[in-house]
Amino acid sequence: MSYVPGQPVTAVVQRIEIHKLRQGDNLILGFSIGGGIDQDPTQNPFSEDKTDKGIYVTRVTEGGPAEIAGLQIGDKIMQVNGWDMTMVTHDQARKRLTKRNEEVVRLLVTRQSLQKDCLEKVHVPNCGKHYFLLSLVKLTVVKF
């Protein structure tokens, strides 16, 4: 999903809540990120058109908090605890995710399969999945 700065964006997103794992003085999320407005988008293996400067999940630790919560490699992070992540540097994203005083991180992520799943199930009521349509103006709940 490509995003053009200054233009509205609409995406099918999933809410993921990660409870950080405490290891000594550290709180572990169990995933790594890539991307950001200060990075070269042509090096992003998850950008369809090689212009997307979003924040993407590049690694998920097996059995870690992120995997348990449902985060996947290639997910694009749209929000962290309510903060917009579509126009941040790599370092700003890292700092948002690793705040020491936050033991729970609530993400809104998008991925290619969400869009496909949404389109396939649009006529199936009560299938148990909850997705959202996210725009930078409002958040609309869509239940399938």
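Each remark here, short or long, concerns the structure printed above.
Please read these numbers as outputs of a predicted model, since none were measured by experiment.

Student: How would you explain the overall build of the chain if you had to name every residue and give the values?
Tutor: Scanning the chain from terminus to terminus reveals three helices and ten strands. Secondary structure of the chain in N-to-C order comes out as β-β-β-β-β-α-β-β-α-β-α-β-β. By residue count, 38% of the 144 residues in the chain fall in the buried class. Considering only contacts in the chain between residues 6 or more positions apart, those separated by 24 or more positions represent 63%. Accessible area for the chain stands at about 8500 Å²; split by element, carbon and sulfur atoms hold 52% of it.

Student: Explain the side chain of Thr86 to me, and be specific about the residues and the numbers.
Tutor: For Thr86, the location among the structural elements is in the loop between strand E7 (83-84) and helix H2 (90-97). A polar contact is formed between the side chain of Thr86 and the side chain of Asp84, at a distance of 2.8 Å.

Student: So what's going on with the nonpolar core? Which residues, and what values?
Tutor: Ranked by internal contacts, the top residues of the largest apolar core, which has 19 residues, are Ile18, Phe31, Leu71, Ile77, Leu97 and Leu107. Secondary-structure elements contributing two or more residues to this core are strand E1 (10-19), strand E4 (31-35), strand E5 (55-60), strand E6 (76-80), H2 and strand E8 (104-110). Excluding residues within four positions of it along the chain, Leu97 makes contact with Lys20, Leu29, Phe31, Ile33, Ile77, Val80, Val105 and Leu107.

Student: Can you break down the environment of Glu103 residue by residue, with the values?
Tutor: Mapped onto the fold, Glu103 is located in the loop between H2 and E8. Along the sequence, Glu103 and Leu29 sit 74 residues apart, while their C-alpha atoms lie 9.3 Å from each other. When near neighbours in sequence (up to four residues on either side) are disregarded, Glu103 contacts Ile18, His19, Lys20, Arg22 and Leu27.

Student: Explain unusual backbone geometry to me, using residue names and the numbers behind them.
Tutor: Backbone geometry places Lys50, a non-glycine residue, at a positive phi of 60 degrees. When you line up the elements, Lys50 lands in the loop between E4 and E5. By relative accessible area, Lys50 is classed as partly exposed at 32%. In this structure, Asn81 takes a positive phi of about 50 degrees despite not being glycine. One can find Asn81 in the loop between E6 and E7. Assessed through its relative accessible area of 25%, Asn81 is described here as partly exposed.

Student: Residue-level account of the pairing of E5, with values.
Tutor: Bridge count between E4 and E5: five bridges; the pairing is antiparallel. When the sheet's bridge partners are listed, Phe31 is paired in E5 with Val60.

Student: Can you explain the environment of Arg59? Please cite residues and give values.
Tutor: Among the structural elements, Arg59 can be located in strand E5. Spatially, the C-alpha atoms of Arg59 and Phe31 are 5.3 Å apart, while their sequence positions differ by 28 residues. Within the structure, Arg59 has its side chain in polar contact with the side chain of Thr61 (distance 2.6 Å).

Student: Can you explain the packing of aromatic side chains? Please cite residues and give values.
Tutor: Tallied over the entire structure, the rule returns one aromatic pair. Summarising the aromatic geometry, the rings of Phe46 and Tyr56 are spaced 6.0 Å apart at their centres and angled 20 degrees between planes, so their arrangement reads as stacked. One end of the pair, Phe46, is in the loop between E4 and E5; the other, Tyr56, is in strand E5, with ten residues separating them in the sequence. The side chain of Arg96 reaches across the aromatic face of Trp83, ending 3.8 Å from its centre.

Scoring rules and cut-offs
- Residues numbered from 1 in each chain as written.
- Predicted model: local features only at pLDDT ≥ 70, side-chain atom pairs only at ≥ 80, totals over all residues.
- Heavy atoms only, no water.
- Helix = DSSP H or I, 4+ residues; strand = E, 2+ residues; numbered from the N terminus.
- Buried < 20%, exposed > 50% of the residue type's maximum accessible area, 1.4 Å probe, protein only.
- Contact = heavy atoms within 4.5 Å.
- Areas by Shrake-Rupley, 256 points an atom, 1.4 Å probe, with all protein chains shown as cover.
- Polar contact = N/O pair within 3.5 Å; in protein donor to acceptor, adjacent residues only side chain to side chain.
- Core = buried A, V, L, I, M, F, W, Y, C linked by side-chain atoms within 4.5 Å.
- Pairing = 2+ DSSP bridges.
- Phe/Tyr/Trp six-rings, centres within 6.5 Å; stacked < 30°, edge-to-face > 60°.
- Lys NZ or Arg CZ within 6 Å of the ring centre and 35° of its normal.

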